[in-house]
Amino acid sequence: MKQQLEALVVEMVDKGIRFSEAKREFEKRFITRVLQQHRGNLSRAAKDLRIHRNTLGKKIQDYKLQL
């Protein structure tokens, strides 16, 4: 896993992707995956993500994620 992440970071840096873009895309995909695992249950997803349910709701709106 660590090697895959390192390869991804190298590729992103080489392609000129900014840190803010990379962070946003990572967070968006991470949240999407956790929501899928919990079949859209915000309370359970927020608990796994260790963030408040309201914070998760705001991120879903910000990223325009589909449940």
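Residues numbered from 1 in each chain as written. Predicted model: local features only at pLDDT ≥ 70, side-chain atom pairs only at ≥ 80, totals over all residues. Heavy atoms only, no water.

**Q** I keep staring at the environment of R50 and nothing clicks. Help me out?
**A** If you trace the backbone, R50 turns up in the loop between helix 3 (42-49) and helix 4 (53-63). The exposure class of R50 is exposed, given its relative accessible area of 75%. (Helix = DSSP H or I, 4+ residues; strand = E, 2+ residues; numbered from the N terminus. Buried < 20%, exposed > 50% of the residue type's maximum accessible area, 1.4 Å probe, protein only.)

**Q** Mind showing me how you'd approach the layout of surface pockets here?
**A** In this approach, a probe sized like a water molecule rolls over the atoms, and the result shows the empty space that is left. A volume near 490 Å³ is recorded for the largest pocket. Going through the elements one at a time, helix 1 (2-14) and helix 2 (19-37) are the ones with two or more residues in the lining of the largest pocket. No other element matches helix 2, which puts ten residues into the lining of the largest pocket. Classifying every residue of the lining of the largest pocket by side-chain character gives ten nonpolar, two polar and five charged. (1 Å grid on protein atoms, 1.4 Å probe; cavity = no way out; pocket = protein on both sides within 12 Å on 5 of 7 lines; lining within 4 Å. Points joined across faces, edges and corners; volume = space filled by probe spheres on them. Nonpolar A, V, L, I, M, F, W, Y, C, P; charged D, E, K, R; others polar.)

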